[in-house]
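Chain residues, written in single-letter form:
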Amino acid sequence: MLLDDKDVRNYTDILNAFPDKREIIIKAIEFIYEKHKHQKRKSGEPYVNHPIEVAKILLDMNMDLETVIAGLLHDTLEDTDTTYEEIEGMFGKQVADIVNGVSKISKIKPKNIADPEVENYRKMLIAMSKDIRVIIVKLADRLHNMRTLHFLPKEKIIRIAKETMSIYAPIAHRLGMWDIKTELEDLCFMYLFPAEYEKVRKFVARSREALETYIKKYIIPPIKKELDRTGIKADIKYRSKHLYSIWQKTIRKGIKLEDVHDILGVRIIVNEVRDCYIVLGIVHNIFKPVPGKFDDYISLPKPNLYQSLHTTVIGPKGRMVEIQIRTYEMHERAEKGIAAHWAYKEGKKPKIKENFSWLQEIIENIKGSKNTADVINSIKENLFFEEVFVFTPAGDIVVLPAGATPVDFAYHIHTDIGNHCAGAKVNGRIVPLSYRLQQGDQVEILTHPHKKPNPQWLSFVVTSKAKNKIKQALNQEKKEKYRSQGVKLLEKLKERFNMPVENIVEMIKEKTRYVSEEDILINIAKGKLSIKQIINLLSPSEKKVKEEKPEGSLSIEDLKNVMYSVADCCKPVAGDKVYGVLTRLKGVVIHHEECPNLKYIKAKFPEKVLEVSWNAKGKFKARLKVLAKDRMGILSEITSVISEKGANIREAKAKSLTTGIALMDFIIDVRDKDHLNSIISAIREVENVEECGRVFT
Ligand code: MN
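Residues numbered from 1 in each chain as written. Predicted model: local features only at pLDDT ≥ 70, side-chain atom pairs only at ≥ 80, totals over all residues. Heavy atoms only, no water.

Q: In this structure, what is going on with the packing of aromatic side chains? I would like to understand it.
A: Aromatic ring pairs: the centre-centre distance and the angle between the two ring planes describe each pair. Inspection of the entire model under this criterion finds eight aromatic pairs. Between F189 and W247, the ring centres sit 4.7 Å apart and the planes meet at 20°, which makes this aromatic pair stacked. Of the two residues, F189 is situated in helix 11 (residues 178-192) and W247 in helix 13 (residues 243-253); the sequence distance between them amounts to 58 residues. The buried category is assigned to W247, whose relative accessible area is 14%. Each ring, one from Y214 and one from Y218, has its centre 5.2 Å from the other, and the planes form 45°; the classification is tilted. Placement of both Y214 and Y218 in helix 12 (residues 194-230) is noted, with a separation of four residues, approximately one turn of the helix. Take Y214: its relative accessible area is 6%, and that puts it in the buried class. Relative accessible area serves as the criterion here: at 23%, Y218 is assigned to the partly exposed category. A network of ring pairs unites the aromatic residues F189, F193, Y197, Y244 and W247 as a single cluster. (Phe/Tyr/Trp six-rings, centres within 6.5 Å; stacked < 30°, edge-to-face > 60°. Helix = DSSP H or I, 4+ residues; strand = E, 2+ residues; numbered from the N terminus. Buried < 20%, exposed > 50% of the residue type's maximum accessible area, 1.4 Å probe, protein only.)

Q: In this structure, what is going on with the coordination of the manganese ion? I would like to understand it.
A: Angles at a metal have ideal values that depend on geometry: 109.5 degrees with four tetrahedral donors, 90 or 180 degrees with six octahedral donors. Distances from the manganese ion to its protein donors, H50 (NE2), H74 (NE2), D75 (OD) and D141 (OD), fall within 2.2 to 2.4 Å. The sequence pattern formed by the donor residues of the manganese ion is H-x23-H-D-x65-D. Of the two residues, H74 is situated in the loop between helix 4 (65-73) and helix 5 (76-79) and D141 in helix 9 (residues 133-147); the sequence distance between them amounts to 67 residues. When sorted by exposure, H74 lands in the same class as D141, which is buried. (Donors = N, O, S within 2.8 Å, 3.2 Å for Na, K, Ca; no water.)

Q: I keep staring at the pattern of salt bridges and nothing clicks. Help me out?
A: Side chains carrying opposite charge are able to pair once their charged atoms draw close together. Under the counting rule described, the total for this entry stands at 27 salt bridges. Between K509 and E506 there is a salt bridge, with its nearest N and O atoms 3.5 Å apart. Taken together, the residues K509 and E506, both in helix 22 (residues 501-511) and three residues apart, mark about one turn of the helix. Note on K509: relative accessible area 27%, which makes it partly exposed. A salt bridge links D665 to R623; its shortest N-O distance comes to 2.8 Å. With D665 in strand 19 (residues 661-670) and R623 in strand 17 (residues 620-629), this pair connects stretches of sequence that are 42 residues apart. Its relative accessible area of 23% is what places R623 among the partly exposed residues. Put simply, K35, D81 and E86 are held in one network by salt bridges that share partners. (Salt bridge = Lys/Arg side-chain N within 4 Å of Asp/Glu carboxyl O.)

Q: How should I be thinking about the environment of E491 in this particular structure?
A: Summarising the element assignment, E491 is placed in helix 20 (residues 464-491). Each C-alpha atom of the pair E491 and E502 lies 9.8 Å from the other, and the pair is 11 residues apart in sequence.

Q: How do you make sense of the side chain of T76 when you look at a structure like this?
A: Mapped onto the elements, T76 comes out in helix 5. Ignoring any residue separated from it by four or fewer positions in sequence, one finds T76 in contact with F31, I32, K35, H36, T82, I87 and V99. (Contact = heavy atoms within 4.5 Å.)

Q: Whenever I open this one, the confidence of the model for the protein chain confuses me. Can you help?
A: The predicted coordinates ought not to be read in detail in places where the model reports low pLDDT. Taken over all residues, the pLDDT of the protein chain has a mean of 81, while the share at 70 or more is 84%. Mean pLDDT per element in the protein chain: helix 17 (residues 372-382) is the minimum at 42, and helix 18 (residues 406-413) is the maximum at 95. Confidence drops under a pLDDT of 50 for residues 344-385, and excluding neighbours within four residues, the segment shows 56 contacts in the predicted structure. The low-confidence segment residues 542-553, where pLDDT is below 50, has 13 contacts with residues more than four positions distant or belonging to other chains. (pLDDT = per-residue confidence, 0-100.)

Q: What exactly am I supposed to notice about the side chain of K181 here?
A: Locating K181 in the fold gives a position in helix 11. Excluding residues within four positions of it along the chain, K181 makes contact with A169, A172 and H173.

Q: It is not clear to me how the environment of T76 should be interpreted in this structure. Could you clarify?
A: The exposure class assigned to T76 is buried, which follows from its relative accessible area of 0%. C-alpha of T76 to C-alpha of F31: the two residues are 45 residues apart in sequence and 9.3 Å apart in space.

Q: Any chance you could explain the nonpolar core here in plain terms?
A: Buried together is how nonpolar side chains tend to be arranged in soluble globular proteins. Membership of the largest hydrophobic core comes to 101 residues, with the highest contact counts inside it found for L73, L139 and I268. Tallying contributions element by element places helix 12 first for this core, with 11 residues. Looking at which domains feed residues into this core, each of domain 1 (5-192) and domain 2 (195-341) supplies at least three. Beyond its immediate stretch of four places on either side in the chain, L139 contacts Y168, I171, A172, L175, M177, I180 and L184. By size, the runner-up hydrophobic cluster in this structure holds 29 residues, among which are V573, A622, V626 and I642. (Core = buried A, V, L, I, M, F, W, Y, C linked by side-chain atoms within 4.5 Å. Domains from an automatic or database assignment.)

Q: Is there a simple way to explain the sheet that holds strand 9 (residues 421-426) in this structure?
A: The pairing of strands in a sheet comes from backbone hydrogen bonds and takes either a parallel or an antiparallel form. Across the sheet, three strands lie side by side as 10-9-11; this open sheet has antiparallel pairing. Looking at strand neighbours, the two that pair on one side only are strand 10 (429-431) and strand 11 (443-447), the edges of this open sheet. Direction aside, neighbouring strands of the sheet carry axes that sit 40° apart on average. Pairing between strand 9 and strand 10: three bridges, direction antiparallel. (Pairing = 2+ DSSP bridges. Axes fitted to C-alpha atoms, helices over the stretch in contact; angles between N-to-C directions.)

Q: Would you explain the sheet that holds strand 20 (residues 689-694) in this entry?
A: Strand order in the open sheet made by the four strands is 18-19-17-20, with antiparallel pairing throughout. Two strands close off the open sheet at either side, each with one partner strand: strand 18 (648-656) and strand 20. Pairs of neighbouring strands in the sheet enclose a mean axial angle of 15°, with direction left out of account. Sheet topology note: the strand 18/strand 19 ladder contains eight bridges and is antiparallel. By the bridge assignment, A654 is partnered in strand 19 with M664. Against the sheet, helix 26 (residues 634-644) makes contact with strand 17, strand 18, strand 19 and strand 20, and its axis sits at roughly 20° relative to strand 19, the strand it touches most.

Q: Explain the pairing of strand 6 (residues 320-327) to me, please; I cannot follow it from the model alone.
A: Every other side chain in a regular strand lies on the same face of the sheet, so the side chains alternate between the two faces. Burial of strand 6 is extensive: six of the eight residues sit out of reach of the surface. Pairing geometry for strand 2 (residues 264-270) and strand 6, over six bridges, is parallel. Looking across to strand 6, one finds that I268 is bridged to I325. Of the pairings in the sheet, the one linking strand 5 (residues 309-314) to strand 6 comprises six bridges and is antiparallel in character.

Q: I keep staring at the pairing of strand 2 and nothing clicks. Help me out?
A: Of all seven residues in strand 2, seven are buried, a share of seventy percent or more. Where strand 1 (residues 234-240) meets strand 2, seven bridges bridge the pair, whose relative direction is antiparallel. The residue bridging D235 from the neighbouring strand is I269, located in strand 2.

Q: Just to check I follow, could you spell out the packing of helix 3 (residues 49-60) against helix 4 for this structure?
A: Two quantities define a packed helix pair, namely the angle between the axes and the distance from one axis to the other. Where helix 3 meets helix 4, the axes come as close as 7 Å, and the angle between the chain directions of the two elements is 160°. Classified by the angle between their axes, helix 3 and helix 4 sit roughly antiparallel to one another. Of the two elements, helix 3 crosses helix 4, and the hand of that crossing is right-handed. Seen from helix 3, the contacting residues are P51, I52, V54, A55, L58 and L59; seen from helix 4, they are T67, V68, G71 and L72. When the residues that make up the contact of helix 3 with helix 4 are grouped by side-chain class, the tally is eight nonpolar, two polar and no charged. (Parallel < 35°, antiparallel > 145°, perpendicular 65-115°, else oblique. Left-handed = near helix turned anticlockwise from the far one by under 90°. Nonpolar A, V, L, I, M, F, W, Y, C, P; charged D, E, K, R; others polar.)

Dropping the structure here:
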């Protein structure tokens, strides 16, 4: 046995708390005596005293065995040669994970604690601790360090106290751990503002006695009497506000210490929720309540799950007294917060609860309350982080929604970085751009000036900023493509009108509703403004290329009684140059001028062929053939281009030719020839497409 009597006295409390687990506790204590044997605290005492005190704090909080052992071991990973595997092998995975978590968060140091981002550090510390017991051990560790801070040099004291005030006390508050929060705050107050601390301490010491006498004489007896009469069992206690909160009140309200009257508050603790309201009624019956000073945190718990009724009443001699009414269970939770959920009652075995399962219970408990949704939302906001906290290479913290990827990160930093994102490193290693960032990751974005956003990114980014910026960039790119396509098409008219493209555009602008050059070029490329229309628009009226029926031809629409149908072989669409073929059974069948069948009939039976014009509206089948270099995903890209254009796909076939070329065959529904042409030009824009055109057979 390594330990002498003096040491044993040090940890008997721990042994007694878990009488049937003495063996493992002794093993843990021997382990840390060995590991820390060469280390001393600044006070000169052996280092092990620190982890033993931390374990005792955890014990006071009624934490479970794993947490207490983790408290004993909490500094071994960081400060000694101990490994995770060693702890796991000797004390199990739970203990090892808690110790590991504590070491991990100890390494995270905010650059500047006055930073507005300090809130994010708090959140991150909690979020990083997948097991909330990690934070509880860390808080116990910090509490003991604060209690023994006076051994350190002055600058270090100030730094640690500031960090505690801005990070750890608020975390304790958020987790509802009132005991720890108030002690941490008072210790920080003492170190950071010694003069003010002394003033408040002396004031409380002076006035406390008088107040106690007052409460004992005037407040408690009448309440007690009434409680006895109604048979409600209750404990009535009083407790002074902690010094820091008294000081804060003088600052917040701009008042003198002497004007703080509620340094002592009365607390009535009952068995059942129902009794809380009955007691409230009794109290208000005896003393006049101060209007606007009543809060019902039972039906609407605070975000940290604090529940209680608060009221302020006017006692004899006109003194205001704050009274809090709650059940024992609420009281336990108010003092110990989250830790209360590991607490065990006397005679019962310690209960280890699954992470956050306590939350489920509380949600069950508050289901009846009106504002359940609000309560749950605030719990989620405060505890269940839907956020991931990561670092830039410079160590700045970035908060993103859970599930965010390096691309989200890149756009968060700057739009240009997102738009030129070429790759990403996380913790020094290359990761796919679709990687889901983890708490504490350090993210570096690799950029390249020629890199452009990929439409695929839209399938994995989660922030709306990234989504919008990617879409914007893709649209811009598309627009530019359309523009140059429009210019190309207009160039064909240069000779006809004997003027440069810019002038043609100017003339179109004059004669149409289009307002910008860009608008015109894009619409030309999309087929919404056809070359034929432009020629008509810009030609002197006598030279117009008439779209009306040529002389001697027959307009199908005019002949109401003619039965006609559309040939399935060549699949003409509205706007095509077509011919009608007279048949006995089907009336007039309309064929495309390029149709081989039509050509045959024309040659053999010219009398059966009518020249017709056809301006029907509706839905027409058309057949397209596409040749492309074979690659992954090309078929789906083309089909999505077609559906983006608003066309229905009836049939799609694809086969790979041995030459590495894919041949695709589509039958689609279109509105008219312009619609069809716009689809053809869009397909031609798809990467690796070599040819796209109609098929008339
Ligand atoms: Mn420590």
